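Chain by chain, the residues run as shown.
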Amino acid sequence: DLWSFKLPIFSLLLVFHSGVATIGAQDLPAEVLRYADTVLHNGQVMTMDRDQPPITIVEAVALRDGRVLAVGGNDRILTMAGPDTLRVDLAGKTVIPGVIDTHSHPNTYALRHYQDEYLPIYLKYLEENQVRFVTVRWDSKETALADFKRVAENLPPGYWIYSTGRLVPTTLYDIKKEDLDQVVPDHPLYVMLGNAMFGLANSKMLDIVVERYGDNLTGLVKDAEGELTGQLLGAAGTVIDQEVIPNAPPEVLAPFLKRELEEWVAMGITTLSTRLQGNEISAY
C-alpha cells in the first residue's frame, strides 16, 4: 500500500520514475540501443538454428555493425529500422548464412588467378635476391638438362636456379644429382613440382639444405649406400620451397590475397579452412 509510507504521492512518483529511468538505461535490450544498419524483409531467411533442426525460416533479418541483430517476422524486424537504415525488400528471395569451405587454398589460387600481375613482381624480387627463375622443357631428360645447362652458362656467380611446374613428368624420376651437377656445377639448383611434393636438387643445393636441417630431413631420398640422390619427396620439398627459396614479401602477396578473398565473399563463402606459410599469414 503506497499510502502507508505517508509520503506525498508526487514524491513517490518522482522516486519511482527516476528509478525506472536509471535501471532502464542499464538494462535495455541491445536491439533498442540503436537502429539497425540494414533490414532485409519480405523474404525467406534460413537461420539454420542448431537447436531447431533442420532449418527455421523467417521473413526478415536486422543487421548492425556487421552482425545479425535479430531475425523474425516483418512487423517486428521493421520496427528496428530507423531513418538511416537500409531497407531491402527481398520480394520472396532466400537468404542463407555464409557458406563454410573446409578445405581450400586461396593463397595459391590467388597467385594463379592473378598470375599475369603477380609473376613479374615476384620474379623481380627473386632477381634482387640472386635467384633466377627458369622454365624448362620436360619433353625428355635430355631437353630438361640442356635447358638448365644453357641458363647456368649465362648466370652470374652467386646466383641460384629455381624452377617449378604443375605436374610431375616421368622424366624427373630418371634425373639424379649427378646429372644436375654435370650441367649446373657452380650454382645451387632446386626444382619444385606440384605442391612441393616432389623435387630435385643438385649437390650445391643439397649442401645448403643439409647444413640447415641435417641429412635426415624427411623426404631427402637416399640410395642403397645412404647417399642423397638429389630427389626430394614431401616435407623436404616443402621446406626448401617455403624456407630456403626466398618467398614473396607479405606486402606483395596481400593485394592479391585480398582480391581473391573478396571474390569468395561475393560467392557467399565467408569462412574457410586452409594452410598458410609464414609470409602468407602475415599477408592475410
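That block above? That's the structure.
Structure report, in brief. (Residues numbered from 1 in each chain as written. Predicted model: local features only at pLDDT ≥ 70, side-chain atom pairs only at ≥ 80, totals over all residues. Heavy atoms only, no water.)

Observations regarding a negative patch on the surface
Next, step 1: On the surface, Glu178, Asp223, Glu225 and Glu227 cluster together into a negatively charged patch.
Next, step 2: Note that Glu178 resides in helix H6 (residues 177-183). (Patch = residues over 30% accessible without salt bridge, like charges linked within 9 Å, V, L, I, M, F, W, Y side chains within 5 Å. Areas by Shrake-Rupley, 256 points an atom, 1.4 Å probe, with all protein chains shown as cover. Salt bridge = Lys/Arg side-chain N within 4 Å of Asp/Glu carboxyl O. Lys, Arg positive; Asp, Glu negative; His and termini not counted. Charge placed at Lys NZ, Arg CZ, Asp CG, Glu CD. Helix = DSSP H or I, 4+ residues; strand = E, 2+ residues; numbered from the N terminus.)

Quick word on the sheet that holds strand E4 (residues 60-64)
Next, step 1: Judged by pairing direction, the sheet is mixed, and its four strands sit side by side in the order E5-E4-E1-E6 without closing on themselves. Each end of this open sheet is capped by a strand with a single partner; those strands are strand E5 (67-72) and strand E6 (81-89). With strand direction ignored, the average angle separating the axes of adjacent strands in the sheet is 25°.
Next, step 2: With five bridges connecting them, E4 and E5 associate as antiparallel partners. Pairing of Ala62 across the sheet is with Ala70, part of E5. (Pairing = 2+ DSSP bridges. Axes fitted to C-alpha atoms, helices over the stretch in contact; angles between N-to-C directions.)

Notes on the sheet that holds strand E3 (residues 57-58)
Next, step 1: Strand order in the open sheet formed by three strands is E3-E2-E7, with mixed pairing between adjacent strands. Looking at which strands have only one partner, the edges of the open sheet turn out to be E3 and strand E7 (94-95).
Next, step 2: Two strands pair when backbone bridges link them, and strand E2 (residues 44-46) and E3 are joined in this way by two bridges, in the antiparallel orientation. Paired with Met46 across the two strands is Ile57, which belongs to E3.

So, the side chain of Asn279
Next, step 1: Inspection of the secondary structure assignment puts Asn279 in helix H10 (residues 278-283).
Next, step 2: Owing to a relative accessible area of 14%, Asn279 belongs among the buried residues under this scheme.
Next, step 3: Apart from the residues within four sequence positions on either side, Asn279 is in contact with Asn247, Ala248, Pro250 and Leu253. (Buried < 20%, exposed > 50% of the residue type's maximum accessible area, 1.4 Å probe, protein only. Contact = heavy atoms within 4.5 Å.)

Thoughts on the layout of surface pockets
Next, step 1: What the second largest pocket holds in volume is close to 440 Å³.
Next, step 2: Forming the walls of the second largest pocket are 17 residues, and the residues nearest its centre are Val68, Val95, Ile96, Pro97 and Gly98.
Next, step 3: Where the lining of the second largest pocket is concerned, the elements lending two or more residues are E2, E4, E5 and strand E15 (269-272).
Next, step 4: When grouped by side-chain class, the residues that make up the lining of the second largest pocket number 12 nonpolar, five polar and no charged. (1 Å grid on protein atoms, 1.4 Å probe; cavity = no way out; pocket = protein on both sides within 12 Å on 5 of 7 lines; lining within 4 Å. Points joined across faces, edges and corners; volume = space filled by probe spheres on them. Nonpolar A, V, L, I, M, F, W, Y, C, P; charged D, E, K, R; others polar.)

Examining unusual backbone geometry
Next, step 1: Positioned with a positive phi, Asn42 is a non-glycine residue whose angle comes to about 60°.
Next, step 2: Here Asn42 lies in the loop between strand E1 (36-41) and E2.
Next, step 3: With a phi close to 50°, Ala91 is a non-glycine residue in the positive phi region.
Next, step 4: Here Ala91 falls in the exposed class, since its relative accessible area comes to 55%.

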